[in-house]
Amino acid sequence: MGLRYLQPAPGFKEYLPKDYVDLIDFGPFGKTDQLDATKLGQFKEIVEEHPMCAGCFMAYFVRVFYASLPNPEDTIVLGTAGCARLALSQAAVPFIYGNYGDTNAVASGLTRALKLRFPDKTKDVVAIAGDGGLMDIGFSMTMHSWFRKEKFTTIMVDNEVYGNTGGQESGMSPKGVQLKMAPKGKKFDKIPATELAKQAGCVYVAKLAPTNVKRMAKVIRRAILAAREFGPTFIHAYTSCNIEYSIPTEEVLKDAREREKKDFGFEEYMTDEVRQYLEEIEKKEKANK
Amino acid sequence: MPEQKVVDIDYLLLEAPRERKFITGAQAMAEAVKRANVDMAIAYPITPQSEVMHLVGDLYAQGYLKDYYRAEEEYGTMSAIAGASRAGVRVFTATSGPGLLRGIEAIASWPGHRIPAVLGVLTRVVNAPLSIQPDNIELAYLLHSGIILLHAENQQDVFDMTLAAFAISEMVDVYIPVAVATEGFFVTHAKGYVEMTPEDMKLPPRDPYKAPVPVTDCEVPPARIQRDAPVQKSNFMSYLIHAVWQQEVWASNMRAMKYIYKYLGGPIEVVNPDADVFVVASGCAAAQGREAVRYAQQEGLNVGLVKIKSIRPFPVNEVREALKNAKAAIIPEHNIEGWLSKEVKAAIPNSGIVTDGPRVYGGMTLPVELIMEEIYKALGIKQEKKVVI
Ligand SMILES: Cc1ncc(C[n+]2csc(CCOP(=O)(O)OP(=O)(O)O)c2C)c(N)n1
Ligand code: SF4
Ligand SMILES: [Mg+2]
């Protein structure tokens, strides 16, 4: 049980760092029914300090992501080379970093192994990686984990560039944009990631710009719940890189809203059985509240 | 599938009765997997490995393994092996030449991730022009990865080393992966006698909590308090952490040596220890070296064999001791670069005694006559060149 490993042993608590004790007393572990992403700033968060750029929207997304986990005490997060990793690796949830682009293969092995060892327990596995990680270098592993119907969630934090290596073109960069290694502008369109996900067998697929915390939280939760029971789930989130796209910090939200109107309008797809399953859960939760 | 009972590691490896079977190297590897209580295997086809993973697939179908799948390619295979091992199950995969190189970024990170796992390496040419034959140059790429590397001479070695590999890999003071290599086709597709432990006995299951680095399963605290991530905060800390961690990986590699003594009778085998001239070889080349020693004996020449079973950890002291009075050391190899020759020369103070080769590559066979020629040269025996028309 996840909660047990987090709880300090009796008599030990007073010797632990305050940061850790606060996390247990005032964090979301075991309390996600009361503390969620809409209450950010009112509780101790799973990720706080991180070295991502000031004003980075991807960093904000990561923060919301951790605050939206349905079961943080039984969640394992996989990341890879790329900016998000800088914050993911600083979270109080087990994090695995392998090699660039390998998230969906590592998660396949991990998820299956956890199922073998704990057939009756819920262990959530989430791979969260950049556009380059999932759609370029890791493309075949991403696609094949979906074809194989591996039961975990994939989240693409799409900043439309290789942010971590200094601003090179990725397959998710928009056509025509001039970036490093695309000195004359990108020659082809953004890879249609959500369409591929649907075709490949993801049971829940969502596309969003992070303009609405409540909706982000709901989507993240839904994707994780659906992956437990039915198969692969995928979220494609626009998370701008204010550095490489020269978006002034105070304008990142404005940019996200503009993109939402243009090509990142909210989309949500799910199979009928997922819809039914989520409706039942959400109805029960409402009744409990 | 017979009901298998769990027996003690030492009993299975050292004492259990053995039955003699005439089987291929691929079968020998699969027979070891059958007795190793493996939870999960991941496969990707490549000749000459495929035979091994077909047989392991059959084991899964019969219920010996709990999970098995054909992965997207080798990088995905090796990455998924890492994920499964980190979640605490016992894993196996195998590959050959180009497949090994395709997976090597992931494989080279297994030791650093402290992943117990067993990897079969059934050698095959890499680089161009294409050949699927058993050249073992690929093992050179594994030497610097931190992985434990055993090199099997024949079908019996394949069985013994593979079964022992599971035990060694999971020892708390080792806890890094073990690769068991042998030459493709020459061993994998040829039959030899193998003394095997009973089919109805298997190793104890992996105990994921007997570990120097915790598994990632949300049952025990993770390896480090994640919120203190110094690697991200300063370059100095990242150098330091990498450095001490890798020191520990290589120290773990060295600590495997005592288990190689215990379960495999030591990292080297010496035939005729008082010889003047030694053939020093590993894998299939050791079998040819053994033949050369037999020929030499028939001719009344004082020639010995040093077979190197463990390439990593490399038996520096043992090889030094074995060769300390030797006048010559002839090192036949199945690759162009001579990685074993370099290892031996680096290990011994009297490296002038080493003859580089004979070497065959591209997957050719290694005729005993080639080794004999070097033996004659070393002993100053003039040979008449016979020209057969
Ligand atoms: C095998 C390998 N190739 C290349 C790299 C270099 N690399 C590190 S991060 C990165 C780009 C990351 O881009 P993306 O996945 O979009 O994430 P972002 O930084 O934009 O969030 C690259 C190319 C690497 N670490 N490993
Ligand atoms: S480079 Fe871009 S994506 Fe990366 S942390 Fe900075 S703003 Fe965020
Ligand atoms: Mg990116």
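Residues numbered from 1 in each chain as written. Chains lettered and ligands numbered in written order. Predicted model: local features only at pLDDT ≥ 70, side-chain atom pairs only at ≥ 80, totals over all residues. Heavy atoms only, no water.

*Asks:* It is not clear to me how the domain arrangement of chain A should be interpreted in this structure. Could you clarify?
*Replies:* Buried accessible area, meaning the area lost when the parts come together, often serves as the stated size of an interface. Residues and elements named next belong to chain A. Taken domain by domain, chain A consists of domain 1 (1–33) and domain 2 (37–288). Placing a centre on the C-alpha atoms of domain 1 and another on those of domain 2 gives a separation of 27 Å. Tallying the contact residues gives 14 residues for domain 1 and 14 residues for domain 2. In this assembly, domain 1 packs against domain 2 so that about 1100 Å² is buried in total across both faces, 60% of it on carbon and sulfur atoms. Looking at the side of domain 1 facing domain 2, the largest losses of area belong to Pro28, Phe29 and Thr32, adding up to 36% of the total buried there. Summed over the shared surface of domain 1 and domain 2, the number is 1 salt bridge. Between Asp19 and Lys44 there is a salt bridge whose closest N-O contact spans 2.7 Å. Summed over the shared surface of domain 1 and domain 2, the result is 4 residue pairs in polar contact (both at pLDDT 80 or more). Sorting the residues of the side of domain 1 that touches domain 2 by element identifies α1 (2–6) and α2 (18–26) as the ones contributing at least two each. Each residue belonging to the side of domain 1 that touches domain 2 can be placed in one class, and the counts come to 8 nonpolar, 4 polar and 2 charged. (Domains from an automatic or database assignment. Contact = heavy atoms within 4.5 Å. Buried area = accessible area lost by both parts, 1.4 Å probe. Salt bridge = Lys/Arg side-chain N within 4 Å of Asp/Glu carboxyl O. Polar contact = N/O pair within 3.5 Å; in protein donor to acceptor, adjacent residues only side chain to side chain. Helix = DSSP H or I, 4+ residues; strand = E, 2+ residues; numbered from the N terminus. Nonpolar A, V, L, I, M, F, W, Y, C, P; charged D, E, K, R; others polar.)

*Asks:* How should I be thinking about unusual backbone geometry in this particular structure?
*Replies:* A negative phi holds for most residues other than glycine; trans holds for most peptide bonds. Here the residue pair B:Thr47 and B:Pro48 is connected by a cis peptide bond, since its omega of 5 degrees sits within 30 degrees of zero. Assignment of secondary structure puts B:Pro48 in the loop between β3 (40–43) and α3 (50–62). Between B:Gly357 and B:Pro358 the backbone carries a cis peptide bond, its omega angle lying at 10 degrees. Within the secondary structure layout, B:Pro358 lies in strand β16 (residues 354–359). Positive phi is not limited to glycine here, since A:Lys149 has a value of about 65 degrees.

*Asks:* Help me understand the packing of aromatic side chains in this model?
*Replies:* Any pair of aromatic rings gets described here by the distance separating the centres and the angle formed by the planes. The full count for this structure, using the stated rule, is 8 aromatic pairs over all chains. Judged by centre distance (4.9 Å) and plane angle (45 degrees), the rings of B:Phe22 and B:Tyr193 are tilted. Taken together, the residues B:Phe22 in strand β2 (residues 19–24) and B:Tyr193 in strand β9 (residues 191–196) connect sequence positions 171 residues apart. Geometry around B:Tyr69 places A:Arg112 over its ring, the cationic atom sitting 3.9 Å from the centre. Positioned over the ring face of A:Tyr238 is A:Arg259, at 4.7 Å from the centre of the ring. (Phe/Tyr/Trp six-rings, centres within 6.5 Å; stacked < 30°, edge-to-face > 60°. Lys NZ or Arg CZ within 6 Å of the ring centre and 35° of its normal.)

*Asks:* Can you walk me through empty space enclosed by the protein in this structure?
*Replies:* Remark: the empty space left among the atoms is shown by a probe the size of a water molecule rolled over them. If you walk through the whole model with that rule in mind, you get 3 cavities of 30 Å³ or more. Volume-wise, the largest cavity comes out at about 50 Å³. Taken together, A:Ile96, A:Gly98, A:Asn99, A:Asp102, A:Val106, B:Ser79, B:Ala82, B:Arg86, B:Ala106, B:Ser109, B:Trp110 and B:His113 make up the lining of the largest cavity. Looking at the lining of the largest cavity, its residues break down into 5 nonpolar, 5 polar and 2 charged. (1 Å grid on protein atoms, 1.4 Å probe; cavity = no way out; pocket = protein on both sides within 12 Å on 5 of 7 lines; lining within 4 Å. Points joined across faces, edges and corners; volume = space filled by probe spheres on them.)

*Asks:* Any chance you could explain the interface of chain A and chain B here in plain terms?
*Replies:* Counting residues at the interface gives 49 residues for chain A, matched by 38 residues for chain B. Summing both sides of the interface, chain A and chain B together bury roughly 3300 Å²; the carbon and sulfur share of this comes to 56%. Of all residues in chain A, the largest losses of buried area upon contact with chain B belong to A:Tyr5, A:Leu116 and A:Arg117, amounting jointly to 19% of the total for that side. At the surface where chain A touches chain B, the tally comes to 5 salt bridges.

*Asks:* Looking at this model, I keep getting lost on the side chain of B:Ser145. Mind explaining?
*Replies:* All names here are of chain B. Here Ser145 shows up in the loop between α7 (138–142) and β7 (148–151). Within the structure, Ser145 has its side chain in polar contact with the backbone oxygen of Leu142 (distance 2.8 Å). There is a polar contact of 3.3 Å between the side chain of Ser145 and the backbone nitrogen of Ile147. With near-sequence residues (within four places) excluded, Ser145 lies in contact with Ala108, Pro111 and Trp250.

*Asks:* Just checking my understanding: could you explain the layout of surface pockets for this structure?
*Replies:* Residues and elements named next belong to chain A. When its volume is computed, the second largest pocket comes out at roughly 810 Å³. Where the lining of the second largest pocket is concerned, the elements lending two or more residues are α9 (213–229) and α11 (272–288). Here the element with the most residues in the lining of the second largest pocket is α9; it accounts for 6 residues. Of the residues that constitute the lining of the second largest pocket, the class distribution is 5 nonpolar, 4 polar and 11 charged.

*Asks:* What's the story with the pattern of salt bridges in this structure? I'm lost.
*Replies:* Proximity of charged atoms lets side chains of opposite charge pair with each other. Counting across every chain of the model gives 47 salt bridges over all chains. The salt bridge involving A:Arg117 is made with B:Asp217; its shortest N-O contact spans 3.1 Å. Of this pair, A:Arg117 sits in helix α5 (residues 103–117) while B:Asp217 sits in the loop between β10 (201–202) and α9 (230–233), which puts the two residues in different chains. Residue class for B:Asp217 comes out buried when judged on its relative accessible area of 0%. Two residues, A:Lys190 and A:Asp158, come together in a salt bridge whose shortest N-O distance is 2.7 Å. Of this pair, A:Lys190 sits in the loop between β4 (153–158) and α8 (193–200) while A:Asp158 sits in strand β4, placing them 32 residues apart in sequence. With relative accessibility at 0%, the residue A:Asp158 sits in the buried group. (Buried < 20%, exposed > 50% of the residue type's maximum accessible area, 1.4 Å probe, protein only.)

*Asks:* Would you explain a positive patch on the surface in this entry?
*Replies:* On the surface, A:Lys39, A:Lys214, A:Lys218, A:Lys286 and A:Lys289 cluster together into a positively charged patch. With respect to the helices, strands and loops of the structure, A:Lys289 is situated in the segment after α11. (Patch = residues over 30% accessible without salt bridge, like charges linked within 9 Å, V, L, I, M, F, W, Y side chains within 5 Å. Areas by Shrake-Rupley, 256 points an atom, 1.4 Å probe, with all protein chains shown as cover. Lys, Arg positive; Asp, Glu negative; His and termini not counted. Charge placed at Lys NZ, Arg CZ, Asp CG, Glu CD.)

*Asks:* Is there a simple way to explain the site of ligand 1 in this structure?
*Replies:* Residues in contact with ligand 1 amount to 17 residues; listed here are only the nearest, A:Tyr100, A:Asp131, A:Val161, A:Gly163 and A:Asn164. At ligand 1, the nearby residues belong to more than one chain, namely chains A and B. At 2.8 Å, a side-chain N or O of A:Tyr100 approaches an oxygen atom of ligand 1. In the complex, the protein chains occlude 76% of the 590 Å² of accessible area that ligand 1 would expose alone. Of the residues that constitute the shell around ligand 1, the class distribution is 7 nonpolar, 8 polar and 2 charged. (Near = heavy atom within 4 Å.)

*Asks:* What is the right way to read the site of ligand 2 from this model?
*Replies:* In the neighbourhood of ligand 2, the contacting residues comprise A:Met52, A:Cys53, A:Cys56, A:Cys83, A:Asn159, A:Cys241, A:Asn242 and A:Ile243. In the shell around ligand 2, the residues fall into 6 nonpolar, 2 polar and no charged.

*Asks:* It is not clear to me how the pairing of strand β15 (residues 328–333) of chain B should be interpreted in this structure. Could you clarify?
*Replies:* The two faces of a sheet get side chains in turn, since along a regular strand they alternate between them. β15(B) sits mainly inside the fold: 6 of its 6 residues count as buried. Burial of the side chains of β15(B) extends over both faces: B:Ala328, B:Ile330 and B:Pro332 are buried on one face and B:Ala329, B:Ile331 and B:Glu333 on the other.

*Asks:* Would you mind going over the nonpolar core with me for this structure?
*Replies:* Across soluble globular proteins, nonpolar side chains show a tendency to be buried alongside one another. Counting residues in each nonpolar core, the largest one holds 120 residues, and the members touching the most others are A:Phe61, A:Phe65, A:Tyr66, B:Ile308, B:Leu323 and B:Val344. Residues in contact with A:Phe61, not counting those within four places in the same chain, are A:Ile128, A:Ile155, A:Val157, A:Leu208, A:Pro210, A:Met216, A:Ile220, A:Ala237 and A:Thr239. Of all hydrophobic cores here, the second largest spans 54 residues; its members include B:Ile23, B:Tyr64, B:Ala94 and B:Ala167. (Core = buried A, V, L, I, M, F, W, Y, C linked by side-chain atoms within 4.5 Å.)

*Asks:* I keep staring at the pairing of strand β1 (residues 75–79) of chain A and nothing clicks. Help me out?
*Replies:* Residues and elements named next belong to chain A. Within β1, 5 of the 5 residues are buried, which leaves the element mostly enclosed by the surrounding structure. Burial of β1 is two-sided: the residues Thr75, Val77 and Gly79 facing one way and the residues Ile76 and Leu78 facing the other way are all buried. Pairing of β1 with strand β3 (residues 124–130), which is carried by 4 bridges, proceeds in the parallel orientation. Bridge pairing in β3 links Thr75 to Asp124. Both β1 and strand β2 (residues 95–97) contribute to a ladder of 3 bridges, which runs parallel. Bridging from a neighbouring strand, Gly79 pairs with Tyr97 of β2. Taken together, β1, helix α4 (residues 83–88) and β2 form a β-α-β motif whose crossover is right-handed. (Pairing = 2+ DSSP bridges. Right-handed = clockwise from strand over helix to strand, strands pointing away.)

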